[in-house]
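Summary of the model geometry
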Amino acid sequence: MAIDRRREATAGGPGRHQPPSEENGSLPPGDAAASAPLGGCRGASDGEIQSLPPISPASAAGVPHSGCCASASAPSVLLLDYDGSVLPFLGGLGGGYQRTLVLLTWIPALFIGFSQFSDSFLLDQPHFWCRGPGKGAAAPDRWSTSSLANWSSPAAPTVPAASWSGAANRSNSSGAAGDDTPPLPSPPDRGDNASHCDCHAWDYGIRTGLVQNVVSKWDLVCDNAWKVHIAKFSLLVGLIFGYLITGCIADWVGRRPVLLFSIIFILIFGLTVALSVNVTMFSTLRFFEGFCLAGIILTLYALRIELCPPGKRFMITMVASFVAMAGQFLMPGLAALCRDWQVLQALIICPFLLMLLYWSIFPESLRWLMATQQFESAKKLILHFAQKNHMSPESDIKGVMPELEKELSRRPKKVCIVKVVGTRNLWKNIVVLCVNSLTGFGIHHCFARSMMGHEVKVPLLENFYADYYTMAGIALASCLAMCVVVRFLGRRGGLLLFMILTALASLLQLGLLNLIGKYSQHPDSGMSDSVKDKFSIAFSIVGMFASHAVGSLSVFFCAEITPTVIRCGGLGLVLASAGFGMLTAPIIELHNQKGYFLHHIIFACCTLICIICILLLPESRHQNLPENISNGEHYTRQPLLPHKKGEQPLLLTNAELKDYSGLHDAALPAGEALQPESATANGRKTM
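Because the structure is a prediction, the values reported are computed rather than measured.

This part covers the overall build of the protein chain. On a plain count of helices and strands, the protein chain comes out with 23 helices and three strands. By residue count, 52% of the 687 residues in the protein chain fall in the buried class. Across the protein chain, contacts joining residues at least 24 apart in sequence account for 82% of those joining residues at least 6 apart. When the accessible surface of the protein chain is summed, it comes to about 30400 Å², and 63% of that surface belongs to carbon and sulfur atoms.

Given below as structure tokens:
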């Protein structure tokens with residue numbers, strides 16, 4: 001038949017052996033590499049089915065036809081099988097040079113942790129109160145009749161003594177306090193600050209260990225308080241745009257140039273932030289700082305993934321996460337050491353100067369060079385790796401270098417993330433992970449506000465350091481739990497478990513707490529508001545724990561299932577979605593917490609949708625990274641539980657599907673035997 005003739009012509013002979021497909025429908029390493037990427041040539045028709053790959057018929061499972069020309073030959077299977085041939089030839093992660101490179105991707109995670117959590121210190125809203133008479137600008141009449149001890153405002157609880165123990169935590173908008181200033185009483189609670197906005201000058205009580213921060217320097221209180229939220233927007237919006245743009249650039253020009261230029265510009269913009277003369281300049285420069293920081297985060301994440309063999313990817317990524325959390329834990333001590341926000345900002349950015357050395361010691365991603373068919377540069381880099389690892393040519397058992405010599409004349413073939421639109425499975429996987437990332441990081445703020453906001457009043461959680469270290473401790477516990485859960489349940493099973501926990505915590509907090517609140521109004525119910533508060537804290541902790549794991553695991557999952565040729569672009573989409581989720585926090589704060597309940601309900605509904613969508617994802621544990629778009633298409637969905645022996649599976653793998661794309665080319669020859677009755681429509685006999 002026409003199918004058999006085409007298969008023989010493509011495979012090189014009728015007797016070519018077809019190995020069985022691997023788990024979740026992906027091709028074996030050598031077969032997957034031989035599949036040509038989609039969109040390589042012109043003349044594609046939307047209604048056609050892609051022709052068979054050279055080895056496995058799995059690509060007939062609905063991958064759109066790429067319309068490749070007959071003259072376009074695929075490169076050697078050996079070269080595109082990076083995890084199966086190139087990486088073992090270089091010694092895997094056991095090579096000393098590879099381990100050095102992985103270590104170099106861990107060290108900047110500490111600096112990144114400082115930058116990501118700097119807003120908690122630079123833009124923290126301090127306690128403020130009207131400055132006493134005889135100091136600064138004249139206060140209105142209601143404040144100038146006597147000393148501050150005769151305030152006519154309602155009595156308010158004092159701030160914990162830990163926040164006011166030293167003069168270092170007390171500042172004002174005009175400089176250090178003079179000796180003639182009368183002693184000040186305990187300032188009003190932050191909730192009563194709005195009633196003291198008739199003053200022309202304020203004194204501030206900063207809780208973060210700084211003498212002065214951005215809010216106290218430019219009096220961003222009362223009518224100017226909205227500018228604080230805009231300043232918080234600027235870093236997040238810069239990160240979002242940076243993820244999207246630098247991801248596309250890194251797939252086109254390489255990881256190394258994007259990393260190095262991001263380092264140079266974050267030094268320029270980050271140090272200039274410390275010299276800001278007004279809040280507008282500060283917000284604008286923070287946008288560009290976030291843009292450059294996104295380029296560093298994204299490229300280091302991709303380089304880390306691409307250096308590792310399949311069994312080490314998750315461990316290497318989690319170590320980087322722990323290093324970043326170390327920066328989060330050390331940030332309060334750094335702020336107490338610097339005392340001033342400008343010194344703190346400069347100290348956060350200066351360590352990136354060490355990364356300028358990466359220009360000479362950190363190479364381009366060899367996996368990306370091989371996937372984009374830049375074999376001339378790849379050959380030089382392989383020889384560099386071999387020299388650093390003291391490897392002899394005899395270790396090249398599979399003959400990688402001879403095959404590489406044959407392909408040196410091939411032109412590079414780069415792909416943009418927009419090519420995903422023409423795929424059938426890959427774009428769905430990326431969209432599902434984007435929604436998961438958005439939901440995980442978005443609902444995290446809802447749980448944090450329920451525990452530390454205005455709904456629950458717990459004395460321990462009214463202290464800044466208690467709030468900060470509680471959040472950091474929950475994140476640390478979440479990462480530790482991820483290590484255990486992913487080891488036993490895999491990527492998809494772990495993501496599903498954490499999403500179910502997030503949904504349960506959210507729904508119980510929205511529904512059960514309202515029910516408890518209604519019963520607590522009856523005197524005979526035996527319930528009080530303290531019971532509701534305890535339940536709210538418990539559900540919030542569980543929700544923050546699970547939602548942090550959902551967001552982090554979604555990003556890692558995307559890095560594994562996205563092909564190398566567009567990995568940074570796919571990572572950029574998921575990380576940008578995470579940024580949109582985090583952006584909801586300052587938006588709600590800007591509107592004075594209006595719409596918070598609806599905000600929580602929307603994300604709770606998204607968790608239910610995500611639970612269903614996660615079942616559509618493949619399992620990438622112990623799988624080779626896809627190198628081109630065709631490889632990524634063959635990461636198909638499988639049931640969570642394997643079918644029993646002898647049972648007909650409801651979901652067929654790609655290898656079990658039969659190709660019918662050539663039936664229209666030729667009619668059935670005369671005398672050709674029909675299919676026997678015992679065979680099914682997909683070519684498998686019933687059990």
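After presenting the structure, the write-up continues.
Of note, L489 is situated in helix α19 (residues 464–520). The exposure class of L489 is partly exposed, given its relative accessible area of 44%. Counting along the chain gives 132 residues from L489 to R621, while the straight-line C-alpha distance between them is 9.5 Å.

With 134 residues, the main nonpolar core has F282, I296, L344, F352, L366 and M370 as its most contacted residues. Filtering out sequence-adjacent residues up to four positions away, F352 remains in contact with F111, I112, S115, I263, I266, L267, L293 and I296. In this structure, I443, C446, A448 and I537 belong to the second largest nonpolar core, which totals eleven residues.

Attention shifts here to the pattern of salt bridges. Per the stated rule, a full pass over the model turns up ten salt bridges. A salt bridge links E627 to R367; the nearest nitrogen and oxygen atoms lie 2.9 Å apart. Linking E627 in the loop between α22 (596–614) and α23 (629–633) with R367 in helix α15 (residues 366–371), this pair joins segments that are 260 residues apart in sequence. Accessibility classification places E627 together with R367 in one group, the buried group. Members of the salt-bridge network, linked through shared partners, are D251, R255, E306 and R567.

Moving on to the packing of aromatic side chains. Scanning all chains against the criterion turns up 15 aromatic pairs. Note on F269 and F288: the rings are 5.1 Å apart at their centroids and 20° apart in plane angle, and the pair reads as stacked. Pair noted here: F269 is in helix α10 (residues 255–273) and F288 is in helix α11 (residues 279–307), with a separation of 19 residues, a long-range link. Among the residues examined, F288 registers a relative accessible area of 35% and is labelled partly exposed. Note on F498 and F545: the rings are 6.2 Å apart at their centroids and 65° apart in plane angle, and the pair reads as edge-to-face. Taken together, the positions of F498 in helix α19 and F545 in helix α20 (residues 529–561) put the pair 47 residues apart, joining distant regions of the chain. Here F498 falls in the buried class, since its relative accessible area comes to 2%. Taken together through their ring pairs, the aromatic side chains of F241, F265, F269, F287 and F288 make up a single cluster. One residue, R256, lies across the ring of W359, its end atom 5.3 Å from the ring centre.

Moving on to the packing of helix α9 (residues 226–253) against α11. When two helices pack together, their arrangement is captured by the angle between the axes and the distance separating the axes. At a minimum axis separation of 6 Å, α9 and α11 run at an interaxial angle of 35°. Note that α9 runs across α11; the crossing there is right-handed. When the residues that make up the contact of α9 with α11 are grouped by side-chain class, the tally is 17 nonpolar, nine polar and two charged.

Looking at the protein chain, the pLDDT average stands at 74 and 66% of residues meet or exceed 70. Element-level pLDDT for the protein chain is lowest in helix α7 (residues 141–144), with a mean of 36, against a maximum mean of 94 in α10. Throughout residues 134–194 the model reports pLDDT below 50, and contacts reaching past four residues in sequence, or to other chains, amount to 97 contacts. Long-range and interchain partners of residues 670–687, a stretch whose pLDDT sits below 50, account for 21 contacts in this model, where long-range means more than four residues apart.

Axis separation between α11 and helix α12 (residues 313–338) bottoms out at 9 Å; the angle between their running directions is 150°. For the element pair α11 / α12, the angle class is roughly antiparallel. Viewed along their axes, α11 and α12 form a crossing whose handedness is right-handed. For the pair formed by α11 and α12, the contact residues are Y301, R304 and I305 on the first element and R313, I316, T317 and A320 on the second.

Here the focus is the environment of V418. In this structure, V418 sits in the loop between α17 (400–406) and α18 (426–452). C-alpha separation for the pair V418 and G569, spaced 151 residues apart in sequence, amounts to 8.9 Å.

What follows covers the side chain of D340. Examined against the element boundaries, D340 turns out to sit in the loop between α12 and α13 (341–349). For the buried D340, which has no salt bridge, the nearest side chain bearing the opposite charge is K217, at an N-O separation of 7.1 Å. Among the polar contacts listed, one links the side chain of D340 to the backbone nitrogen of Q342, at a separation of 3.0 Å.

Okay, the side chain of S115 next. You can see S115 is positioned in helix α5 (residues 96–116). Take S115: its relative accessible area is 1%, and that puts it in the buried class. Beyond its immediate sequence surroundings of up to four residues, S115 is in contact with L235, L293, I348, I349 and F352.

Positive phi, close to 75°, is recorded for R339, a residue that is not glycine. Relative to the elements of secondary structure, R339 occurs in the loop between α12 and α13. Residue classification places R339 among the partly exposed residues on the basis of a relative accessible area of 29%. For H622, which is not glycine, the phi dihedral falls at a positive 60°. Topologically, H622 is positioned in the loop between α22 and α23.

A separate point is helix α16 (residues 375–388). Taking 1.5 Å of rise per residue, the 14 residues of α16 would be expected to cover 20 Å, and the 20 Å separating its terminal C-alpha atoms lies within 8% of that figure. Summarising the contacts, the buried residues of α16 are in contact with α3 (77–80), α4 (82–89), α5, α15 and α17. One or two steps after α16, the chain reaches H390, where phi turns positive at roughly 55°.

This next bit is on the environment of I474. Along the chain, I474 turns up in helix α19. Its relative accessible area of 10% is what places I474 among the buried residues. For I474 and M544, which are 70 residues apart along the polypeptide, the C-alpha to C-alpha distance reads 7.0 Å. Residues within four places of I474 in sequence aside, it is in contact with M451, I541, M544 and F545.

Here is what the cut-offs are and how they apply
Residues numbered from 1 in each chain as written. Predicted model: local features only at pLDDT ≥ 70, side-chain atom pairs only at ≥ 80, totals over all residues. Heavy atoms only, no water. Helix = DSSP H or I, 4+ residues; strand = E, 2+ residues; numbered from the N terminus. Buried < 20%, exposed > 50% of the residue type's maximum accessible area, 1.4 Å probe, protein only. Contact = heavy atoms within 4.5 Å. Areas by Shrake-Rupley, 256 points an atom, 1.4 Å probe, with all protein chains shown as cover. Core = buried A, V, L, I, M, F, W, Y, C linked by side-chain atoms within 4.5 Å. Salt bridge = Lys/Arg side-chain N within 4 Å of Asp/Glu carboxyl O. Phe/Tyr/Trp six-rings, centres within 6.5 Å; stacked < 30°, edge-to-face > 60°. Lys NZ or Arg CZ within 6 Å of the ring centre and 35° of its normal. Axes fitted to C-alpha atoms, helices over the stretch in contact; angles between N-to-C directions. Left-handed = near helix turned anticlockwise from the far one by under 90°. Nonpolar A, V, L, I, M, F, W, Y, C, P; charged D, E, K, R; others polar. pLDDT = per-residue confidence, 0-100. Parallel < 35°, antiparallel > 145°, perpendicular 65-115°, else oblique. Lys, Arg positive; Asp, Glu negative; His and termini not counted. Polar contact = N/O pair within 3.5 Å; in protein donor to acceptor, adjacent residues only side chain to side chain. Expected span 1.5 Å × (residues − 1).

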